[in-house]
Amino acid sequence: MQTTTRVLIIGGGVVGASCLYHLTKLGWSDVMLVERSELTSGSTWHAAGGFHTLNGDTNMAALQGYTIRLYKELEEITGMSCGLHHVGGVTLADNQDRFDMLLAERAKHRFMGLDTEIVTPEEIAKIAPVTNIDGIIGGLYDPLDGHLDPSGTTHAYARAARMGGATIETHCMVRETNQRPDGTWDVVTDKGTIHAEHVVNAGGLWAREVGAMAGVYFPLHPMEHQYLVTEEVPLIVEMMQDGKEHPHVMDPAGESYLRQEGRGLCIGFYEQTCRPWSVDGTPWSFGQDLLQDDFDKIEDSITFAYRRFPDLERAGVKNVIHGPFTFAPDGNPLVGPVPGMRNYWSACGVMAGFSQGGGVGLTLAQWMIEGEPERDVMAMDVARFGKWITPGYTLPKVIENYQKRFSVSYPNEELPAARPHRTTPMYDIFTGMGAVWGQQFGLEVANYFATGDEPTYETPSFRRSDAFGATTREVLAVRNGVGINEVQNFGKFLVTGPRARAWLDRIMAGRVPAQGRLSLTPMLSEKGKLIGDFTISCLDAQTFQLTASYGSQEFHYRWFINHLEDGVDVQNISDKRTGFQIAGPKARAVLQACTRTDVSGMKFLDVWQMTVGQTACIVQRVSYTGDLGFEIYCDPMDQRALWSVLWAAGQVHGMVPFGMRAMMSLRLDKFFGSWMSEFSPDYTAAETGLDRFISWKKNVDFIGRAPAEAERATPPARQLVAFDVEAEDADVQGYEPIWLDGAVVGFCTSGGYSHFTGTSVAMGFVPRGRIAEGLKVEIEILGQMRPARLITTALFDPDGDRMRG
C-alpha cells in the first residue's frame, strides 16, 4: 500500500470518488482514496440515482447543472457507462404558493442558461401521463432531469481518477487521524499508516465518526429514507413500445418523487412521520445493507400517491429500498477547509450525491489547488455553522429539513425547530414588546415588532407579508424621530498587537483609519473577489475593532487565522460585545441625554469611548439606516443597563424599537448593499461600487490588489445599479432577470419596498454600457414583467446632509 500522498480522501462513495477525479482533473496526481469496504458502500449503493437542477440557491443550481453535464464527459473519458437516462422532469404545483415558487425559480433559470419552462396542467398530462392532474394549476419542466446507475457512475469517477494518476485502496479501515506539528497528517489504517499533506473527510454516513478522530464535530445526521419499485405498469410498457421513457415527476404536495424503473415505476417519499437513524453513531459494521421495510411511516404518503398516480395502486410492489442518508441541518453539503484546522477538508453531508457530487468535487479541488472556488459557495461552506452547534441542535433541524424537503421555500420563512437556541439579554424584554423573531447563525434576531392585534408570527409568502404594516410603522418612526435596535447580529473581531495596523493594511483593500476614527473597506480574495465588507474602528494605536456579517463570522475568522502574522492577535468577539443602534433625526438628543460627554462635536465616522448611563461603551457615529445614527457597543453583562437608560431617554422623543425588516427597507433608501446579496464572492469591488472604498494610494500590496488594479484600468462589463419598480403585491427578492430590448441582460441581487417613499426598489447588475438615468427595463417578478426605471439618486438624504451633519 502507498504510504505517502499529497491528499488522502477518506470515503469511497460518489462524493469521495468525485473529489479524487477532480483533483486529478485540475492537475494533482499524487492523490489517494481509502475505503473501508468496497466503493459505493454506504448511502451511494442504495440511492435512487435521480438528478435534477432545481435548487433555491442559484449557485447550488449551477453546480447541479455542472454535475449533470459532467456524466457524458465521464463516459467519454473512461469508456464506461453511467447508465444515463435524460428523461426530463416536471415539478407539480397544486396551489398558488407552490406555483409562485416555480415561477420564481423559472425566472432565475433565465439568466443561468437553464432551459426550463412553465407548463400547464394539460401539458403535464401529455409530458407525464401517469399523473392525475386534478387540482394541479401548473408545473416546471426541466429537460435535464433524469437518473443513472449509482454504482456505474461512482466507478466511472474512480476509473477517470486512476487515469489521472490517483490511487484507490479498498478494504482499508481508518483508525486514527493524527496531525503533525508541521500541519501534515498521519492517517492510521488497518493496513498501515499513510502520511498525507491534506486529509479530506468524505465519510458519508460515517463522516461524524471520521471527524471525531480529528476532534471535529460535523453537524450531520442520518435519516431513514424509503422508496418503492413496482411491478410492470401497462402504461409504461405502452410508452416503451413507442420508444419513449416516462419523465420524472416531483409532487411537493405528496412529498414524493417518481420515475420509470424498467417496465414499472419507482417512487420515494419525504414523509412527515420520518425517523432519524443511528442517533448515537453509525455502526462501522453497516455497509451494503438495508433497513427493515417500514410501510407504517409512509402509509399516508402512499395513499396520497395513489390519488396522484393511479397506476401505482394497480401495480404490485416489486422491491422496497429502505436505507439511511445523511443530512446537514439545512440540507446542503458541508464542503471546504474546516475552520480552526490546518489541511483538513470536508466533503460530506451531500444527500443529493448524484445531483451535487460533481459540483462538490469541482469546488473542493478548486479550493485546494487554486486557493478559492470559482463561484460563491457559502450555501455549502462548512464554515456556515459555528462552534455553538451541537448534536442536540442538529437532530431536530435535520428532521425539520427532511420534512421540508419538498415543501415551498419562502423568502421570508423562519423555520421553528430547535429555537430559540441562542439569545441576548434583550430576548425577554423584546418578546414582551411584541418581537417577531428570526434567526441568524443560531441567534434570535428581531424581525419586527407587532402591536395591538397584529399577529406575532409572519406568514410565509412570496408576496408582501403581514409584516408590511409593522415595517412601515418602524421605518417612519426612524425617519421622523428615533428608533433603536440591537447590534448583536454583527460579526465582531478584535485585532491587537504592534503589527496590527500593518496587517490590516495587507488584509483589507481600504484605508486603515486614524485613532478615534472608522473606515469602510472591502476585503478581497487573491483573485480580487469580495470576501468581506468591513467597518474598521481604531480604538488606539494597537487596537482595532472590525465589524461585518454575523452569519459569516467563521468564514471571516478562518481567513484571518490562515493569514495571521507575528505581532498580531485576532479574536472573534462577536458574542462578547453587543449593544444598540439608535437612528433618526432625534438620535443625537437621545444619546446626549444619557452621557456627560458632549457629543455635539462627534463627527461622522468618529469612534469615541464614553460612559453611557453607567456603562462603559464604544460609540460610533455611523448607521446602516443611512440616517443620523450611532452604534453603541458594550459588554453583554451591561446590555440591559444600557437599554434602560437609552429607552428612558428615548421616550421623550417617541423612540420605538425596530427590527431587520425595517433595517432592510431603510438601507434601500440609500442604495446600500447587503452582504451575500449585493456583496459576495461572486462579485468584485469594481462591479459593486465598493472600489470607491479601496485605498489606491497606500503603498501596500494588499491581497487582491493586482486584479483590482486590472479592473480599475479596464472596468468590468457589468455594474450594480438601482431601479424604481412598478410592482403590485410582490417585490424583488433576488435573482429575478432584468429584461431590455426583449432579452435578459442582467439580474437582481435584492430588493424590497421603501416604506419611507412608497417605492418598490430593486438592485441588480446590468451592462455598464447601457447605464443611464431613467433607463427603462422590465423585471420578471413571479412570472410577470414589471416595468422598472434605473435611478441614480438616493431616495432619502441624497447629499448625506442628515447622515453626516
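Visitor: Quick question: what am I supposed to make of the overall build of the chain here?
Guide: Counting its regular elements, the chain contains 21 helices and 37 strands. Relative to the globule expectation of 28 Å for 805 residues, the C-alpha radius of gyration of the chain, 27 Å, shows essentially globular dimensions. Along the three orthogonal principal directions, the C-alpha set of the chain runs to about 85 × 60 × 50 Å. Looking at the chain as a whole, 61% of its 805 residues are labelled buried. Counted over contacts in the chain with a minimum sequence separation of 6, partners at least 24 positions apart contribute 72%. Element-wise, carbon and sulfur atoms account for 49% of the exposed surface of the chain, whose accessible area totals about 29,400 Å².

Visitor: Looking at this structure, how should I read the environment of G56?
Guide: Topologically, G56 is positioned in the loop between β3 (50–51) and α2 (58–78). In this structure, G56 is in contact with E105 and K108, ignoring residues within four places of it in sequence.

Visitor: Is there a simple way to explain helix α5 (residues 150–163) in this structure?
Guide: An α-helical segment advances 3.6 residues per turn. Residues three or four places apart therefore align on the same side. The first and last C-alpha atoms of α5 sit 20 Å apart over 14 residues, in line with the 20 Å expected at 1.5 Å per residue. For α5, the full list of buried residues reads P150, G152, T153, T154, A156, Y157, A158, A160 and A161. The secondary structure elements touched by the buried residues of α5 are α1 (14–25), α2, β8 (167–169) and α10 (353–370). In this structure D149 caps α5, since a side-chain oxygen of it lies 3.3 Å from the backbone nitrogen of S151. Of the residues trailing α5, G165 is marked for its positive phi of about 105 degrees.

Visitor: It is not clear to me how the packing of α1 against α5 should be interpreted in this structure. Could you clarify?
Guide: To describe two helices that pack against each other, one gives the angle between their axes and the distance between the axes. Where α1 contacts α5, the axes come no closer than 8 Å and their chain directions differ by 25 degrees. Here α1 is positioned roughly parallel relative to α5, judged by the angle of their axes. For the element pair α1 and α5, the recorded crossing hand is left-handed. Here V14, A17, S18, L20, Y21, H22 and T24 of α1 lie close against α5, whose contacting residues are T154, Y157, A158, A160 and A161. Each residue belonging to the contact of α1 with α5 can be placed in one class, and the counts come to eight nonpolar, four polar and no charged.

Visitor: Any chance you could explain the sheet that holds strand β32 (residues 718–725) here in plain terms?
Guide: Across a sheet, paired strands are connected by hydrogen bonds in the backbone, their directions being either parallel or antiparallel. Strand order in the closed barrel made by the six strands is β32-β35-β34-β33-β36-β37, with antiparallel pairing throughout. Within this sheet the neighbouring strands show an average axis-to-axis angle of 45 degrees, counted without direction. Sheet topology note: the β32/strand β35 (residues 759–767) ladder contains eight bridges and is antiparallel. Opposite V721, over in β35, you have G764 as the bridge partner. Sitting on the sheet, helix α18 (residues 660–669) is in contact with β34 (743–754) and β35, with an inclination near 120 degrees to β34.

Visitor: Would you mind showing me how to read empty space enclosed by the protein here?
Guide: Rolled over the atoms, a probe as big as a water molecule pinpoints where empty space is left. If you walk through the whole model with that rule in mind, you get three cavities of 30 Å³ or more. The calculated volume of the largest cavity comes to roughly 110 Å³. Forming the walls of the largest cavity are F430, L443, E444, V445, A446, N485, E486, Q488, N489, F658, G659 and M660. For the lining of the largest cavity, the secondary-structure elements that each account for two or more residues are β20 (443–449) and β21 (483–486).

Visitor: Help me understand the layout of surface pockets, please; the structure alone is not making it clear to me.
Guide: Taken as a whole, the second largest pocket encloses approximately 670 Å³ of empty space. What lines the second largest pocket is a set of 27 residues, and nearest its centre among them are P337, W367, G371, W559 and N562. Sorting the residues of the lining of the second largest pocket by element identifies β18 (344–348), α10 and α15 (553–562) as the ones contributing at least two each. Top element by residues in the lining of the second largest pocket is α15. It accounts for four residues. Of the residues contributing to the lining of the second largest pocket, the split by class is 13 nonpolar, six polar and eight charged.

Visitor: Please explain the packing of aromatic side chains as it appears in this structure.
Guide: Where two aromatic rings form a pair, the distance of their centres and the angle of their planes describe that pair. Taken as a whole and assessed by the stated rule, the structure comprises 32 aromatic pairs. Ring centres 6.1 Å apart and planes at 20 degrees place the aromatic pair Y624 and F672 in the stacked group. Residue Y624 is located in the loop between β29 (615–620) and β30 (629–634), and its partner F672 is located in the loop between α18 and α19 (685–688); the two are separated by 48 residues in the primary sequence. F672 sits in the partly exposed class, given a relative accessible area of 21%. Positioned above the aromatic ring of W28 is the side chain of R6, whose terminal nitrogen or guanidinium carbon lies 3.7 Å from the ring centre.

Visitor: What is the right way to look at the sheet that holds strand β5 (residues 117–119) in this model?
Guide: Ordered by their spatial adjacency, eight strands build an open sheet running β5-β6-β4-β13-β14-β15-β12-β16, and the pairing between neighbours is mixed. Among the strands making up the open sheet, the edge pair consists of β5 and β16 (317–327). Pairwise comparison of adjacent strand axes, ignoring direction, gives a mean angle of 25 degrees for this sheet. As defined by bridge partners, strand β14 (residues 256–261) adjoins strand β15 (residues 264–269) across six bridges and the pair is classed as antiparallel. The partner of Q260 across the bridge, within β15, is L265.

Visitor: Got a minute to help me understand the state of the cysteines in this structure?
Guide: Where two cysteines share a covalent bond between their sulfur atoms, that bond is called a disulfide. Evaluation of the coordinates by the stated rule reveals zero disulfides. Just so you know, C348 is unpaired, no disulfide at all, and the nearest cysteine sulfur is the one on C19, 9.9 Å from it. Take C348: its relative accessible area is 1%, and that puts it in the buried class.

Visitor: In this structure, what is going on with unusual backbone geometry? I would like to understand it.
Guide: Keep in mind that most residues, glycine aside, have a negative phi and that most peptide bonds are trans. Put simply, R419 and P420 share a cis peptide bond, and its omega is -5 degrees. Considering the arrangement of structural elements, one finds P420 in the loop between α11 (391–403) and α12 (427–432). The phi dihedral of F441 falls on the positive side, at around 55 degrees, and the residue is not glycine. With respect to the helices and strands, the residue F441 is situated in the loop between β19 (435–440) and β20. Even without glycine at this site, M676 takes up a positive phi of about 70 degrees. With respect to the helices and strands, M676 occurs in the loop between α18 and α19.

Thresholds applied
- Residues numbered from 1 in each chain as written.
- Predicted model: local features only at pLDDT ≥ 70, side-chain atom pairs only at ≥ 80, totals over all residues.
- Heavy atoms only, no water.
- Helix = DSSP H or I, 4+ residues; strand = E, 2+ residues; numbered from the N terminus.
- Rg over C-alpha atoms; globule rule 2.2 N^0.38 Å.
- Buried < 20%, exposed > 50% of the residue type's maximum accessible area, 1.4 Å probe, protein only.
- Contact = heavy atoms within 4.5 Å.
- Areas by Shrake-Rupley, 256 points an atom, 1.4 Å probe, with all protein chains shown as cover.
- Expected span 1.5 Å × (residues − 1).
- Polar contact = N/O pair within 3.5 Å; in protein donor to acceptor, adjacent residues only side chain to side chain.
- Axes fitted to C-alpha atoms, helices over the stretch in contact; angles between N-to-C directions.
- Parallel < 35°, antiparallel > 145°, perpendicular 65-115°, else oblique.
- Left-handed = near helix turned anticlockwise from the far one by under 90°.
- Nonpolar A, V, L, I, M, F, W, Y, C, P; charged D, E, K, R; others polar.
- Pairing = 2+ DSSP bridges.
- 1 Å grid on protein atoms, 1.4 Å probe; cavity = no way out; pocket = protein on both sides within 12 Å on 5 of 7 lines; lining within 4 Å.
- Points joined across faces, edges and corners; volume = space filled by probe spheres on them.
- Phe/Tyr/Trp six-rings, centres within 6.5 Å; stacked < 30°, edge-to-face > 60°.
- Lys NZ or Arg CZ within 6 Å of the ring centre and 35° of its normal.
- Disulfide = S-S within 2.5 Å.

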